[in-house]
Amino acid sequence: MLLKTLTPPMQMHVPRLLQLHNAGTEAEDDAEAEPEAESDLDPNAALVAEAAAGLLAQPAFASPKFFYDTLGSRLFEAITALDEYYPTRTENAIFASHGAAIAQAALARTGAAPVLVDLGAGSCAKAARLFGTVRPRRYVAVDIAVEFVTQALLHLQRENPELDLVGVGQDFSARLHLPAGVVDGPALVFYPGSSIGNFAPDNALRLLREARELAAGGALLVGVDLIKPRALLEAAYDDALGVTAAFNLNLLRHLNRLLAADFAPRDWRHVALFNAEASRVEMHLEARRDLQVSWAGGERRFSAGERIHTESSHKWTPASFSALLRDAGCHGIQHWQDERGWFGVFLAAA
Ligand code: AVI
């Protein structure tokens with residue numbers, strides 16, 4: 001017979017989970033604010049209004065946040081395992097080779113035991129790899145997907161029973177602003193995965209400024225995809241297996257649910273191209289034929305070849321991203337990159 005030895009349960013901190021959305025936090029700050037519109041109070045109504053406005057725009061667009069329903073999140077996980085999609089594995093390799101040096105340099109800026117703030121935390125796996133070297137006294141996971149991050153934190157709590165864990169549900173694409181007291185000393189604000197590239201440069205600057213303020217004299221640690229030959233970039237966003245195409249087309253299924261729309265994914269084609277002038281890979285959905293799409297409260301005709309712009313993924317050089325960090329008020333910038341110079345991990349004092 002197999003006997004299991006059971007160890008007594010360890011003392012655990014229960015993760016604190018704070019669910020916020022940006023309109024709510026702004027209203028708290030501004031007692032004189034106008035009464036909020038219905039869409040400011042109901043995050044779902046705000047998403048519906050945002051999605052419908054994008055479909056009616058000329059040219060039409062949809063925010064990349066509409067990729068990430070449950071299937072979309074799984075498809076993104078699959079993308080990170082593709083041969084063509086180099087960013088995730090290259091960033092991992094940089095941390096594997098230089099993780100100790102990066103942590104040491106970060107702690108030189110924040111002091112020992114910083115608050116570690118993880119933007120777009122998701123499964124929390126990337127930040128968890130820093131726990132051993134950075135030894136944060138608190139880990140704050142910020143993500144729009146509250147349920148996903150809650151599950152991840154509950155799992156992390158079992159592995160790290162002594163660590164103070166906080167989850168914040170927030171769409172920081174509009175504004176990054178955490179509740180008072182969550183960051184109560186120098187912080188290391190971690191934004192991996194080249195997600196900063198999904199912001200247009202003026203918005204990336206705004207987010208970095210907010211992250212610098214949040215770090216309160218600590219530091220920012222940001223993963224950034226770098227410019228490389230067009231063929232490599234376009235293959236990374238249009239893989240041979242069609243996983244990225246499915247990820248892009250799945251946005252239409254998400255809009256169907258959100259807006260009660262009648263998009264037929266088969267009527268649309270995935271397009272990925274490098275726009276060298278704007279230094280970004282763009283993803284679009286292109287109508288295969290003349291068609292009409294309807295949703296609750298709206299409709300639009302699309303001609304064959306007409307596109308919905310679904311994502312821009314900006315690519316930087318070490319010099320241009322360092323300049324952006326300086327414009328955001330950071331200093332003491334260092335960066336580590338892989339041997340091919342495809343991806344950079346930037347550390348900056350806040
Ligand atoms: C999440 N983000 C950094 C990815 C990117 O590379 O821009 C999203 C993605 N889109 C297509 N493939 C991956």
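All chains use their own residue numbering, which begins from 1 and follows the written sequence. Totals for whole chains, interfaces and linings use all residues, but because this is a predicted model, local features are given only for residues with pLDDT of at least 70 and pairs of side-chain atoms are given and counted only at 80 or more. The side-chain values count all of the structure's non-hydrogen atoms but skip hydrogen atoms and water molecules.

K.L.:
Help me understand the packing of helix α9 (residues 201-215) against helix α12 (residues 318-327) in this model?
P.N.:
Packed helices, taken two at a time, are described by the angle their axes make and the gap between the axes. Two numbers describe how α9 lies on α12: the axes approach to 9 Å, and their chain directions differ by 50°. Here α12 runs oblique to α9, going by the angle between their axes. The handedness of the crossing between α9 and α12 is right-handed. Along its contact with α9, which presents P201, A204, L205, L208 and R209, the element α12 presents F321, L324, L325 and D327. Lines fitted to the C-alpha atoms define the axes, with helices restricted to the stretch that makes contact. Angles between their N-to-C directions range from 0 to 180 degrees. A run of H or I in DSSP counts as a helix once it spans at least four residues, and a run of E counts as a strand once it spans at least two, with each numbered from the N terminus. Any angle from 65 to 115 degrees is called roughly perpendicular, while one under 35 is roughly parallel, one over 145 is roughly antiparallel, and all others are oblique. For any helix crossing, the convention is left-handed if the near helix is rotated counterclockwise from the far helix by under a right angle, and right-handed if that rotation is clockwise. Only heavy atoms enter the contact rule, under which two residues are in contact if any of them lie within 4.5 Å.

K.L.:
Mind showing me how you'd approach the pairing of strand β10 (residues 291-295) here?
P.N.:
Looking down a regular strand, the side chains alternate between one sheet face and the other. Burial classes follow relative accessibility: with a 1.4 Å probe on protein chains only, a residue under 20% of its type's maximum area counts as buried, one over 50% as exposed, and anything between as partly exposed. Residues L291, V293 and W295 line the buried face of β10, whereas the alternating positions Q292 and S294 sit on a face that is not buried. At least two bridges found by DSSP between two strands is the condition for calling them paired. As judged from the five bridges shared by β10 and strand β11 (residues 298-302), these two strands associate in the antiparallel manner. Among the inter-strand pairings, V293 is bridged to a residue of β11, identified as R300. Connecting the antiparallel pair β10 and β11 is a turn made up of two residues, with G297 showing a positive phi of about 90°.

K.L.:
Just to check I follow, could you spell out the site of the ligand for this structure?
P.N.:
Throughout, near means a residue has at least one heavy atom within 4 Å of the molecule or strand. What surrounds the ligand is a group of 14 residues, the closest being Y85, N198, Y237, E311 and S313. By the criterion applied in these results, polar contacts are pairs of N or O atoms within 3.5 Å in which, for protein atoms, one can donate a hydrogen and the other can accept it, and in which residues neighboring in sequence qualify only through two side-chain atoms. In this structure, an oxygen atom belonging to the ligand sits 2.5 Å away from a side-chain N or O atom of Y237. Side-chain polar atom of E311 to a nitrogen atom of the ligand: 2.7 Å apart, as the coordinates give it. Only the protein chains shown count as cover for residues, and all accessible areas are computed by the Shrake-Rupley method using a 1.4 Å probe. In the complex, the protein chains occlude 97% of the 340 Å² of accessible area that the ligand would expose alone. Where the shell around the ligand is concerned, the elements lending two or more residues are α4 (70-79), α11 (243-259) and β12 (307-314). Amino acid classes used here: Ala, Val, Leu, Ile, Met, Phe, Trp, Tyr, Cys and Pro are nonpolar; Asp, Glu, Lys and Arg are charged; the rest, including Gly, are polar. For the shell around the ligand, the class distribution of residues is seven nonpolar, six polar and one charged.

K.L.:
Teacher, can you tell me more about the sheet that holds strand β6 (residues 187-191) here?
P.N.:
Sheet strands pair via backbone hydrogen bonds, and the direction of the pair is either parallel or antiparallel. Taken together, the eight strands give an open sheet; going across it, the order is β1-β5-β4-β3-β6-β7-β14-β13, and neighbouring strands pair in mixed fashion. Where the open sheet ends on each side, the last strands, each with one partner, are β1 (16-19) and β13 (331-337). Recorded for the sheet is a direction-independent mean angle of 15° between the axes of neighbouring strands. Relative to strand β5 (residues 164-169), strand β4 (residues 138-143) is paired through six bridges, and the arrangement is parallel. When the bridges of β5 are listed, Y139 appears paired with L165.

K.L.:
Which parts of the structure should I look at to understand the layout of surface pockets?
P.N.:
It is the rolling of a water-molecule-sized probe over the atoms that shows where space remains empty. Space inside and on the surface of the protein is sampled on a 1 Å grid over the protein atoms alone, with a cavity defined as a set of points where a 1.4 Å probe fits but cannot get out and a pocket as an open set with protein on both sides within 12 Å along at least 5 of 7 lines; lining residues have an atom within 4 Å of a point. Grid points are joined across faces, edges and corners, and a volume is the space filled by probe spheres set on the points. Roughly 170 Å³ of volume is contained in the second largest pocket. In terms of lining, the second largest pocket is formed by E91, N92, F95, A96, G99, A100, K126, R129, L130, T133, F190 and P192.

K.L.:
So what exactly am I meant to see when it comes to the sheet that holds strand β2 (residues 60-61) here?
P.N.:
With respect to topology, four strands assemble into an open sheet ordered β2-β12-β9-β8, the strand pairing being mixed. Two strands bound the open sheet, and with one partner strand each, they are β2 and β8 (268-275). Note: strand β9 (residues 280-287) against β12, seven bridges, orientation antiparallel. In the strand pairing of β12, H284 is matched with H309.

K.L.:
For this particular structure, what's the right way to read the side chain of T80?
P.N.:
Relative to the assigned elements, T80 resides in the loop between α4 and α5 (86-110). When its relative accessible area of 19% is taken as the criterion, T80 is described as buried. A distance of 2.6 Å separates a polar atom in the side chain of T80 from the backbone oxygen of E77.

K.L.:
Whenever I open this one, the pattern of salt bridges confuses me. Can you help?
P.N.:
Note on pairing: side chains with opposite charge can pair once their charged atoms come close. Here a salt bridge means any side-chain nitrogen of Lys or Arg lying within 4 Å of a carboxyl oxygen belonging to Asp or Glu. Tallying each qualifying case throughout the model produces 17 salt bridges. Where D184 meets R138, a salt bridge forms, and the shortest distance between an N and an O atom there is 3.3 Å. Within this pair, whereas D184 is found in the loop between β5 and β6, its partner R138 is found in strand β4, the two being separated by 46 residues in sequence. Judged by its relative accessible area of 10%, R138 is buried. Among the salt bridges present, the one from R300 reaches E306, with a minimum N-O distance of 3.0 Å. Through salt bridges that share partners, R16, R137, R138, D164 and D184 make up one connected network.

K.L.:
Help me understand the confidence of the model for the chain, please; the structure alone is not making it clear to me.
P.N.:
Regions with low pLDDT carry predicted coordinates that are not meant to be interpreted in detail. By definition, pLDDT measures how confident the predictor is in each residue, and it falls between 0 and 100. Taken over all residues, the pLDDT of the chain has a mean of 90, while the share at 70 or more is 89%. Confidence, expressed as mean pLDDT per element, reaches its minimum in the chain at helix α1 (residues 22-29) with 37 and its maximum at β9 with 99. Predicted confidence for residues 1-11 stays below pLDDT 50, and this span has three contacts to residues more than four positions away or in other chains. Predicted confidence for residues 23-39 stays below pLDDT 50, and this span has 12 contacts to residues more than four positions away or in other chains.

K.L.:
Is there a simple way to think about empty space enclosed by the protein in this case?
P.N.:
Across all of its chains, the model carries one cavity of 30 Å³ or more by this definition. Reported here for the largest cavity is a volume of approximately 40 Å³. The wall of the largest cavity is formed by L119, V189, Y191, L207, L208, A211, L220 and V222. When residues in the lining of the largest cavity are grouped by element, the largest group, three residues, is from α9. Split by residue class, the lining of the largest cavity holds eight nonpolar, no polar and no charged.

K.L.:
Mind showing me how you'd approach α12 here?
P.N.:
Quick reminder: α-helices carry 3.6 residues per turn. Residues three or four places apart thus point the same way. Buried within α12 we find F321, S322, L324 and L325. In an axial view of α12, the angular spread of the buried residues amounts to 155°, which keeps them on one side of the axis. Exposed and oriented more than 90 degrees from the buried face of α12 are A319 and D327. The arc under discussion is defined with respect to the helix axis, by the directions toward the C-beta atoms.

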